[in-house]
Amino acid sequence: MKVLILPDAQAAIQRAADIIARTVIAKPDAVLGLATGGTMLPLYKALAQRHRDEGLSFAKTTSFNLDEYIGLAPDHPCSYHHYMQEAFFAHVDIDPARAHLPKGDAPDPQAASLDYEALIEAAGGIDLQLLGIGQNGHIGFNEPTASLGSRTRIKTLTDSTRRANQRYFASFEETPRYAITTGVATILSSRKCLLVATGEDKAEAVANMVEGPVSAACPASALQFHARATIILDEAAASALKLTDYYENVHPQGQDSIFD
Ligand code: GLP
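A brief report on the enclosed structure follows. (Residues numbered from 1 in each chain as written. Predicted model: local features only at pLDDT ≥ 70, side-chain atom pairs only at ≥ 80, totals over all residues. Heavy atoms only, no water.)

1. Section: the packing of aromatic side chains
- A full pass over the atoms with the stated rule returns 11 aromatic pairs.
- Measuring from centroid to centroid gives 6.2 Å for Y80 and Y83, while their planes differ by 70°, and the two rings are edge-to-face. Taken together, the positions of Y80 and Y83, both in helix 3 (residues 80-87) and 3 residues apart, correspond to about one turn of that helix. The pair Y80 / Y83 is uniform in exposure class, with both members buried.
- The interplanar angle of 15° and the centroid separation of 6.0 Å between the aromatic rings of Y80 and F141 together place this pair among those described as stacked. A residue pair is termed long-range when its members are at least 10 positions apart, and Y80 in helix 3 and F141 in the loop between strand 6 (128-131) and strand 7 (153-156) qualify at 61 residues. (Phe/Tyr/Trp six-rings, centres within 6.5 Å; stacked < 30°, edge-to-face > 60°. Helix = DSSP H or I, 4+ residues; strand = E, 2+ residues; numbered from the N terminus. Buried < 20%, exposed > 50% of the residue type's maximum accessible area, 1.4 Å probe, protein only.)

Now the structure itself:
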């Protein structure tokens, strides 16, 4: 794991945007795995700005989002389809036909999950998977105890995740209980992973992910098995790590080491 610690959230977001931009410039038809959540909003804004100001193009990319709530139609204001449209797709030149999310409103969500996994495979797999982390260590919607060998499927959300995401809905009761999410093994099959976490409320989950044992109790810890996983943190999200001196020594100011 490459742990990059940046002084604040803004610097962490710019660092993540650099890595995504570099990927897309090197491979214009890259397959991107995309994520949702509050952490990603400034990142999508930064990428849209680079599109506007520097001509960073997503025209040939394909994207697959990690997850979608079951029961929400794409035009539902709380769906991840809607989030992606508002936060990113509407502001860049990505081809809507190649910007994929699981179909949360499919009549058969189980079949839709299998189709989604097959679609990722047919696209040649994911080049760069962007990830956030839940306060309970989830990635995508792979909640604690999710199989580390899982592929895209339906997951029941924990009450803690529903509470964390309740801010987008009218009430806790209206916050969906189920989601389609790519699995931990789907995520690990990506050629590179880029996880971004900012803020102190992520510190414990980050410490479990980076320095804890690999365990389904913290699904993000499975990234320890990934040969090319980069973790971008601000100082607050890094505050519960024990080996901070080492990470800062290898990657001063979150820069690449000479051996990258
Ligand atoms: C949701 C998403 C995750 C995301 C998490 C963190 O639960 N399914 O993919 O990582 O939120 O969100 P935030 O960035 O708002 O803390």
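2. Quick word on unusual backbone geometry
- Backbone geometry at T145 places phi at a positive 85°, although glycine is not the residue there.
- Accessibility expressed as a relative area gives 65% for T145, which makes it exposed.
- Unusually for a residue other than glycine, Q253 sits at a positive phi of about 50°.
- Q253 gets classed as exposed once you look at its relative accessible area, which sits at 62%.

From the geometry alone we can't say anything about function, so treat these as descriptive.
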